[in-house]
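Observations on the three-dimensional arrangement
Chain residues, written in single-letter form:
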Amino acid sequence: VSTQSTGSSGINAEYGKQWYQRRVRGLVYTLVLVWQRYTLFHFLLLWSLSSQREEMGEERSVTGFSSALDMDQFSFTAYEQWVKKEIKVRECCVFIKKTDGELEPVCHCGNVRSAHGEGIQIHGEQEKWDKTTHTTLTECSAFGKINFLDEDTTLQPEYIRVASDYGDRKNIQRMEKLMREFWGLNQPGLLISVIGGNKSFHVSHDVCLHFQHGLLNAAKSTNGWIITSGQDEGVTKLVGDIIGRSILTSKIYTIGVCSWGKTWNNEMLLRKNNRYNETVTDYSTSFTPDTGYASLEPNHSHFFLIDDGTTDNSGVEIKFRGELQYLITKMYEKDGVPLPMICIMLEGGSQSIEMALNSLRMGQPLVVIKGSGRAADIVCAACEMTAFKEDFVNGEFVMRGVVSDDGKRDIQDMLEACFSKFKESAIIEKLLANVLEIASLKKQVTIYKLDSTEPLDFAILSSLMKSIGESAARMRQLKLAITWGHEKVAKELIFEKKDYNFKNEELNSLLLFSIVNRRTGFVKLLLDYGADLKNFLTAPTLTKLYNILPKNSGAYRILTHYDRAISLRDIGELMEVVMEGTYHSILTQDRYNQDMREDDRFDNPYDLMMVYSALIDASDMAKFFWENSRTPIATALIAHKIFLYLDRMEAKWARVDEEMTEKLENSAREFEKLACGLMTICYHNYDKQDWVQILVVPMKEYGGLNLFDLATIIEAKNFIAHAAYQSYLTDLWMGQLKPSIGSHKLLLCMIPPFPIFLSFNKLPMTKQDLARKMLRGKEVATRRKRIDDADVEFAPQLRADDEDNSNFRSLGVKEKLYYFYTSPVIKFFLNTMTYLIFLYLYGFGLLVNWNRLVIDSSGSRLEWQDLYTIVFVLSTVPVEINQVRNGRTKSNWKKVKDHFSDTYNLMDFIAVCMFMGAFILKASTPYNAVDSKSMDLNNFGSYHTNRLLSAMCFSFYCFRFVQLFEINDQIGPKVFMLKKMSIDLFFFLFLLMVFTVSYGVSSQALLFPFRETSATEVVFELLGRAYLNVYGEIDLDGLTENLETGHCTFTNSSTEVEVSTFIFTNFSSSDLSNDTIEELDCTQDNLLEYTTVGKVNYYLCFLLLCMYLLFVNVMLINLLIAIFSNTYENVEQQSGIIYKTQRAEMILEFRERPPLPNPVSLVYFFIKICKFLYKKYVKKVNYEKDLQKMISNMPNRHSSLAYRSSLMEAECRAQYIRKTKSDQGNQIVSALSSSVHDTDNKMSSTFQHGRGVEDVEWHAITEKPNLHNNMSLMLKKTLTMLKAYNPYMTDLVVDPGTSSSQKEEEGATP
C-alpha cells in the first residue's frame, strides 16, 4: 500500500468537481424521503440540510474541533474514498474450531462460526491457527463519527478501525494525513500519554482528585493532547471524567487507542449496520458484562481501534500506540526538535509496565505516581533500589543503574504478589526484566509522591526539564515551562546549573514569550540571568507585542476594530485618549513609525513596558516594571489611570463581569496606593525644596508635564489629598505671600499701597536675571522684565546653590503689588466681594424698580445698577472662554466638552443666555410701550417674559454662589453631599412617579365620570393632588366636593350642565307595580346612600388613597431616607478627601483667573489681546533677540533637576519596597505567633484536664510527661527560624509569659 499522501489542495479540487453531482443526488434523496413521509416539514428540513453544505474546511464538527473536510451525508466523500483505499483491517479468513461454545463453535480468533460469514474456509481442529496465514487484510468498514446513545453528551468523536500492521515505523505515516487533513487536529504544545490499570483499578478518591487536577492543568496550560487506552474503565475513565467536566472551557484533544476486538458492541460501529446516516454511527455503552470487554469512553475526541483479526487477545494496541506517539512528536517538531512528550503512570498492570518501558526506550520521560498501587509502586521501589555505577562500555566509561541481588529478589516477590494470576514463571521473569530495565533508566523517571506540596503538573514539567538535550530542545522546553508558569523548575534545572550559556537572541525570544503569556516570574528570572530589557525593547519588538495581544485583554478589545497591523502611532493615540489628550506621546513620532529602524531603542523601556502590562490587565507584571521605572510616582499614576479607563470601557461594552471589574478597580487602587506611599517617603525623608522639586519638575516622557499637573489631570483623589500635594497647593494659594499671613490681614490690605507692608517670599535668580546681569556688564540698555510664569511655577521652592543665598533676591514694590493681586487667595476674595455686590444689585432691581432701562426717541438712559449688572455678566464671557482655552486637552472640542461637564460652568452658560435674552427683550421695549396693555395679565408679552427670564436667571446665579463654599472644610463636603443626594433623588422620582400617576389617574377617573376638559388641566390636577398627598395634604373634604362635582356636573366640549337632583327608583319587590320613584338632591349623602355608582366610586377612591399613602408615605419615603443616610455615611467617610479635592479644583481655577475681578477683568482681557496682536505683528527689538539667544546658550537646568528628582524617587522606591516587605513579614510572623500561642494554650489545657481526648489516648500521652514542653518549644523555634530566614521580618512577637531561660533556648539554632 502506498504511503504517499495527496495534498489538501488536491482533495479540494476533487471535491469541487463533484459539487453538482452531490447536489443532484442530494435532491433525489430528499424527494424519496419526502415521498415516504408525505410531509412538507421533512422536505424543507432535508432540503435545507443539503443546501447548507459549504466548501471543505469551513464547517466545524459537533465536538467543537475544527474539521478540514465537510462530511457530506448524501454521497461518498473524499475522506471515505481515501479510507477505503489506504486503510485496511484484519479479519479471520479460516475457521479453526477452538471450543464448542454455548450456542455454536468458536474459532481461535475468538469469533463464532456465523460471524465469519458465508464461504469461509473450515479447517480441522488439529491445524494450528496462525494470525499471519489465517487472517487477511480487507477494506476498512468502521470509520466516521460516533453518537453515544446512552450518554448525556453532544460530542460526536471521530473513530477509525485500523489493522495492527500499521503499528510499524513505515505504515504509521498514513495516520499523519488522517490527523492533519481529515481530522484537522491543531498543533499541540505537549503530548501526554496516560497509562495505568483498567479492570483491576483500585485507587482512593483523594488520589483520583489529585491526578485529575494535575493532568487537567498540564493539558490546559500547554494546549496538550492526551493519549489513553480509550476504554471506559480504570484510569481512562478518570481522564474522561475530568475532560468531560471541562469541555466547555477548553478544547483538549483526547485520543483513545484501544483494541477493536476488546471493544464492547463493536459491531454497532460497522458502517453496514448504519441505516440512515453514513457519517455518524449510533453506539450504545449500556450493559458491559464482566467478560474482558469494555465500551468506549464517551468524552474522548478521537479513537483508533486496532484490529489484529482476533477478539480475545490483549495488548494488540501497545505497539501501534507507541509508534503513534512517536509519529505525533515528529509531526509537530520545530527547528528539528520533536514535540515534548511525557508518560504518566497511575497504578497499572503488566501492560502498563510494557508501555512505560517502550516510552523510555524512545527517550520519553516517565512520571510515576507513588502510592497509587500495583505496577506504579513496584516501579518506584525498583528505582529507589537502583544505584548508579561506572561501567566501561565500547571503550568509554558510562554510568549505569544497577539493582542489587537482594533488591531483585524483593522486586520479584512484589511482582509475584501483585500478579498472582500469572502461573508461568516466564511471564514473571519477563516483567522483572522490564522493571529492571526501567530502573536502569532512572534518570528519565520522576517519582511523584502524593503527599508532595507541589502539584502533579509541577512534577510533569520537572521530568520534561530533565530530558533536555541540545539548545533547540532547551528553548522549546523553556517555552513550555513559561506556558505552564513554573519558573521554579526552570530556575533549579537550567539556570542555576550554569552549564549552558544563553545567547542574547535566545534570551530575547524567551523574554518576548514570557511577556506575551504574562509570566511575571519568568520575566524576573530572565532579567536576573542576563537578559537586558533596553537591548530587548526595540521599536519593532514593541510593535510586535501590540500585534499579538492576549485576546482576553482590555487592549485587544479596544484595538480589535483595526483591520490592519497596529502601529506604535495607534498606541500613542490610545494613550492620549486614556490621558484625555493632555500630553503628546513619544510613540506618535515618525522615528518609531514610518521611519522605524531595527535598532531604534527607548530611553525608558521599563515605563513603556509598564504601560503595555497595564493595557493587557497584567497588574503583577506592571508592578514589576514599575519597580524599575525611571519616574516611579508618575508611572504609578499612569497605571492607575489606565486601569480606571479599562474599567470604564468594560462598563461601556456592557460586559457583566464582576470579577474583571473588581480586578481592575483593585489594580487601580493598588497603583494609586504605590504613588501615595512613595510620595509619603519623599515627604518625610527630604526637605521641602526637594519634594517640591519632585512635584514640579517637567518630565520629558510625558510631554513636559510635571507630577503635580499629572495627578490633577488623572484626578487621583488620594494623591491629591496627600500632605505633600496639599502643602504645595497652599503655596500656590498664597502665591509669593507668606503662608503665615492671616485672612483678616489680607482683607484689610486690599487697597494699595498697604500690600507692600506684608511679608513675601524671596525669588531665585532665574535665567532672565542672569542674562540681564551679563548684558549690564556690556553696557547694553536693559529694562526689568517680569519673570517667566513657567519658571515661577517650580523655581521658588528650589534650594539655593550656596549657603549665603546669593542666588535669591527680594521683591521690589511693583513686584509686591503684582504678586499680591495675582495670588489666588486675593483673586478669590475680590471675586467673592464683586459677586455679592452683583447679586445685591440684581435682586434689588428685580424686586423694586424693574423698568429702569429707558429707550425712547430722546435717547437712552441707563442707571448705574443696570450698568454694573450688565458689565458684570458680559465680563464673565471672556473668563469662561479663557477657561476653555486653558483646558488641559489639545482638542478644542474636548476642551469645550470638559468645560461644560462641570455643573457650575453649565449653570454659568445658562444664566448668561437667560440674562442676555431678558436684557434684549427689556431694551427692545420702548418706555411708552410699557403701559396697561403690556402689563395685561392675560397677555404674556415681552414685559412678563423678560421678568420671568430675569427671575430664573437670578436663581441660577444664587446657586452658582454655592461653589465658593467648597473652599471651606466644613461646608465643602456638605455641598458634595447635596450633589450626590440630588442624583439619588432624581432616580427616586421615577419610582415615585409610577405610584403617583397610577393613583392620580385612577382617582380622577372615579371621582369625575362625566368630565371633559383640557389635557393640561387634567394632568395638573391629578398629579398636583396626588403629589401633595405625599406631604400630608390629605384633604378628605376635597374628596367629598370632588365626588359631588364629578357626579352632579356633566360637561362636554361646548356646554356644562349642573344637575341639582336625580331620580331614584326603589325596587321594593319583584312586582313592578310596587316600585316607588323619588326625586332626590344631588349631595354626597344621597349619592352614597341611594346610588351604586357613587358608593362604589367613593369607597374605592378612599381605598386607593389609603394604599397610596401606605406605599408612598411609609415605604418610599423611608426608602429615600435610607438612601440619603447611606449616601451621607459614604460621603462622611471620605469627607477629608472630598474637601481636599474640591479645594484643589478651586485653587487651580482661581490660579488661572485674571488678576482683576469681574467686571474690571474686561480691562485685563483688552490689554492681553493688544499684547497678543503686538507680539504677532510687530517686530521685536534687538535686546529681546540677544536675551533669548543668551538664554538658549545657557545649560538646561530642567534636565539636571529631572535627573536629580529621578534619583530621589529611586531611593525612596527602594526604601518603600523594603518597608512593604518588612510589613508583610511582620504580619506573617504575627499570625504564626498567634497560632502558636493558641496551640500552646490548647495543649496545656489538654494535658492538664484531658478535655476532648479519649481515655486510651490520654493514658498514652501521660506516659510521656515531656511531650508538651518539647512540642511547645518546637513551635516557638519555628518562629525563630522564619525570622532568621526572612531578613524583612524585623519584629517577632514573644510570649510575655516565657521565662528568660526558655527565650535563650528558643534562640538556639534548631
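What about the overall build of the protein?
- Helix and strand counts for the protein come out as 51 helices and 25 strands.
- The buried share of the protein, reckoned over its 1310 residues, is 46%.
- Taking contacts inside the protein between residues at least 6 apart in sequence as the whole, the part at least 24 apart equals 73%.

Some thoughts on the environment of Gln-1215
- Relative to the elements of secondary structure, Gln-1215 occurs in helix 48 (residues 1197–1249).
- Overall, Gln-1215 belongs to the partly exposed group, its relative accessible area being 31%.
- Setting aside residues no more than four positions away along its own chain, Gln-1215 makes contact with Ile-681 and Asn-685.

A word on the packing of aromatic side chains
- Enumeration over the complete set of coordinates arrives at 39 aromatic pairs.
- Put simply, the rings of Tyr-835, Phe-838, Tyr-842, Tyr-868, Phe-872, Phe-915, Phe-954, Tyr-957, Phe-961 and Phe-965 touch in pairs and so form one group of aromatic residues.
- The residue whose ring lies beneath Arg-180 is Tyr-332, and the NZ or CZ to ring-centre distance is 4.9 Å.
- The ring of Tyr-293 has Lys-262 sitting right over it, with the charged end atom 5.4 Å from the ring centre.

Considerations on the pairing of strand 13 (residues 341–346)
- Burial analysis of strand 13 places six of its six residues in the buried class, the great majority of the element.
- Both faces of strand 13 are covered, namely the face carrying Met-341, Cys-343 and Met-345 and the face carrying Ile-342, Ile-344 and Leu-346.
- Note that strand 8 (residues 191–196) and strand 13 share six bridges and pair parallel. Bridging across to strand 13, Gly-196 finds its partner in Leu-346.
- As paired strands, strand 13 and strand 14 (residues 366–370) are joined by three bridges and run parallel to one another. Across the sheet, the residue bridging to Ile-344 is Val-367, located in strand 14.
- A crossover connection joins strand 13 to the parallel strand 14 through helix 10 (residues 350–361); in handedness this β-α-β unit is right-handed.

A closer look at the sheet that holds strand 4 (residues 121–123)
- Across the sheet, which stays open at both edges, the three strands sit in the order 3-2-4 with mixed pairing between neighbours. Two strands bound the open sheet, and with one partner strand each, they are strand 3 (106–107) and strand 4.
- Two elements, strand 2 (residues 94–99) and strand 4, share three bridges in a ladder whose sense is parallel. Pairing of Ile-96 across the sheet is with His-123, part of strand 4.

With respect to the nonpolar core
- With 178 residues, the main nonpolar core has Phe-211 and Phe-719 as its most contacted residues.
- Discounting chain neighbours no more than four positions away, the residues touching Phe-719 are Ile-633, Leu-637, Glu-672, Ala-675, Cys-676, Met-679, Leu-695, Leu-707, Ala-711 and Tyr-725.

What to know about the pattern of salt bridges
- Scanning the model with the defined rule gives 21 salt bridges in all.
- Across the pair Glu-580 and Lys-641 runs a salt bridge whose closest N-O atoms are separated by 3.3 Å. Within this pair, whereas Glu-580 is found in the loop between helix 22 (568–578) and helix 23 (605–615), its partner Lys-641 is found in helix 25 (residues 632–652), the two being separated by 61 residues in sequence.
- Judged by its relative accessible area of 6%, Lys-641 is buried.
- Lys-688 is paired through a salt bridge with Asp-731; the nearest N and O atoms lie 2.9 Å apart. Of this pair, Lys-688 sits in helix 27 (residues 688–696) while Asp-731 sits in helix 30 (residues 723–734), and the two are 43 residues apart along the sequence.

Details of a nonpolar patch on the surface
- A surface patch of nonpolar side chains, about 700 Å² in accessible area, is lined by Val-1096, Leu-1100, Leu-1103, Met-1107, Leu-1110, Phe-1111, Val-1114 and Met-1115.
- Structurally, Leu-1110 is set in helix 44 (residues 1092–1133).

Overview of the side chain of Thr-543
- With respect to the helices, strands and loops of the structure, Thr-543 is situated in helix 20 (residues 539–547).
- Overall, the relative accessible area of 16% leaves Thr-543 in the buried class.
- Polar contacts involving the side chain of Thr-543 include one to the main-chain carbonyl oxygen of Ala-539, which spans 2.8 Å.
- If sequence neighbours within four positions are ignored, Thr-543 has contacts with Ile-566, Leu-568 and Met-596.

Thoughts on helix 11 (residues 374–385)
- Given a rise of 1.5 Å per residue, 12 residues ought to cover 16 Å, and the 17 Å separating the end C-alpha atoms of helix 11 matches this to within 8%.
- Those residues of helix 11 lying buried are Ala-375, Ala-376, Ile-378, Val-379, Cys-380, Ala-381, Ala-382 and Cys-383.

Overview of the confidence of the model for the protein
- On average, the protein scores 75 in pLDDT, and the residues at 70 or more come to 73%.
- Note on residues 853–861: pLDDT under 50 across the span, and 15 contacts to partners over four residues away in sequence or across chains.
- A low-confidence stretch, residues 1066–1074 stays under pLDDT 50, and its non-local contacts, those more than four residues away or across chains, total seven contacts.

Concerning helix 25
- Across its 21 residues, helix 25 extends 30 Å between first and last C-alpha, which sits within 8% of the 30 Å expected from 1.5 Å per residue.
- Across the 21 residues that make up helix 25, a large majority, 17, are buried.

Overview of the sheet that holds strand 10 (residues 254–259)
- Overall, mixed pairing links the 10 strands, which are arranged 11-6-7-12-10-9-8-13-14-17 in an open sheet. Every other strand in the sheet has two partners, leaving strand 11 (280–283) and strand 17 (445–449) as the edge strands with one partner each. The sheet shows a mean angle of 25° between the axes of neighbouring strands, taken without regard to direction.
- Across five bridges, strand 10 lies against strand 12 (residues 302–307) in parallel orientation. Paired with Ser-259 across the two strands is Ile-306, which belongs to strand 12.
- Each of strand 6 (143–148) and strand 7 (158–163) is contacted by helix 4 (residues 78–86), which is oriented at about 115° to strand 6, the strand it contacts most.
- Across the sheet, helix 9 (residues 318–331) lies against strand 7, strand 8, strand 9 (225–228), strand 10, strand 12 and strand 13, angled at about 165° from strand 8, the strand it touches most.

Digging into the packing of helix 24 (residues 619–626) against helix 26 (residues 658–685)
- Orientation of helix 24 relative to helix 26, taken along the N-to-C sense of each, is 20°, at an axis distance of 11 Å. What the angle tells us is that helix 24 and helix 26 run roughly parallel. Judged by the sense of rotation from one axis to the other, the crossing of helix 24 with helix 26 is right-handed. Note on element contacts: helix 26 touches helix 24 through Ser-667, Glu-670, Phe-671, Leu-674 and Leu-678, opposite Ser-619, Ala-622, Lys-623 and Trp-626.
- Residues belonging to the contact of helix 24 with helix 26 are distributed by class as follows: five nonpolar, two polar and two charged.

Here we look at a negative patch on the surface
- On the surface, Glu-658, Glu-659, Glu-662 and Glu-665 cluster together to form a negatively charged patch.
- As for its position among the elements, Glu-665 is in helix 26.
- For Glu-665, a relative accessible area of 31% gives the class partly exposed.

Some details on the environment of Ile-306
- Inspection of the secondary structure assignment puts Ile-306 in strand 12.
- Other than its neighbours up to four places away in sequence, Ile-306 contacts Val-162, Ser-164, Val-257, Cys-258, Ser-259, Trp-260, Gly-261, Val-316, Glu-317 and Phe-320.

Remarks on unusual backbone geometry
- Residues Pro-752 and Pro-753 are joined by a peptide bond in cis, for which omega reads 5°.
- The topology assignment puts Pro-753 in the loop between helix 31 (743–748) and strand 18 (763–764).
- Backbone torsion omega between Asn-1158 and Pro-1159 reads 5°, so that peptide bond is classified as cis.
- Residue placement: Pro-1159 occurs in the loop between helix 45 (1135–1152) and helix 46 (1161–1177).
- Located in the positive-phi region is Asn-223, a residue other than glycine, with phi close to 55°.
- Position of Asn-223 relative to the elements: it lies in the loop between helix 7 (205–222) and strand 9.

Focus: the packing of helix 23 against helix 25
- Between helix 23 and helix 25, the least distance of the axes is 9 Å, while the angle of their chain directions is 20°. Taken together, the axes of helix 23 and helix 25 are roughly parallel relative to one another. Relative to helix 25, the crossing made by helix 23 is right-handed. Note on element contacts: helix 25 touches helix 23 through Thr-635, Ile-638, Ala-639, Ile-642, Phe-643 and Leu-646, opposite Asp-607, Met-610, Val-611, Ala-614 and Leu-615.
- Residues that form the contact of helix 23 with helix 25 fall into these classes: nine nonpolar, one polar and one charged.

Looking at the state of the cysteines
- Summed over the entire model, instances satisfying the criterion amount to zero disulfides.
- Of all cysteine sulfurs, the one in Cys-109 lies closest to Cys-107, which takes part in no disulfide; the gap is 3.8 Å.
- Cys-1106 carries a free sulfur, and the closest cysteine sulfur to it, the one in Cys-1101, is 9.8 Å from it.
- Residue Cys-1106 is classed as partly exposed on the basis of its relative accessible area of 37%.

Conventions used here
Residues numbered from 1 in each chain as written. Predicted model: local features only at pLDDT ≥ 70, side-chain atom pairs only at ≥ 80, totals over all residues. Heavy atoms only, no water. Helix = DSSP H or I, 4+ residues; strand = E, 2+ residues; numbered from the N terminus. Buried < 20%, exposed > 50% of the residue type's maximum accessible area, 1.4 Å probe, protein only. Contact = heavy atoms within 4.5 Å. Phe/Tyr/Trp six-rings, centres within 6.5 Å; stacked < 30°, edge-to-face > 60°. Lys NZ or Arg CZ within 6 Å of the ring centre and 35° of its normal. Pairing = 2+ DSSP bridges. Right-handed = clockwise from strand over helix to strand, strands pointing away. Core = buried A, V, L, I, M, F, W, Y, C linked by side-chain atoms within 4.5 Å. Salt bridge = Lys/Arg side-chain N within 4 Å of Asp/Glu carboxyl O. Patch = residues over 30% accessible without salt bridge, like charges linked within 9 Å, V, L, I, M, F, W, Y side chains within 5 Å. Areas by Shrake-Rupley, 256 points an atom, 1.4 Å probe, with all protein chains shown as cover. Polar contact = N/O pair within 3.5 Å; in protein donor to acceptor, adjacent residues only side chain to side chain. Expected span 1.5 Å × (residues − 1). pLDDT = per-residue confidence, 0-100. Axes fitted to C-alpha atoms, helices over the stretch in contact; angles between N-to-C directions. Parallel < 35°, antiparallel > 145°, perpendicular 65-115°, else oblique. Left-handed = near helix turned anticlockwise from the far one by under 90°. Nonpolar A, V, L, I, M, F, W, Y, C, P; charged D, E, K, R; others polar. Lys, Arg positive; Asp, Glu negative; His and termini not counted. Charge placed at Lys NZ, Arg CZ, Asp CG, Glu CD. Disulfide = S-S within 2.5 Å.

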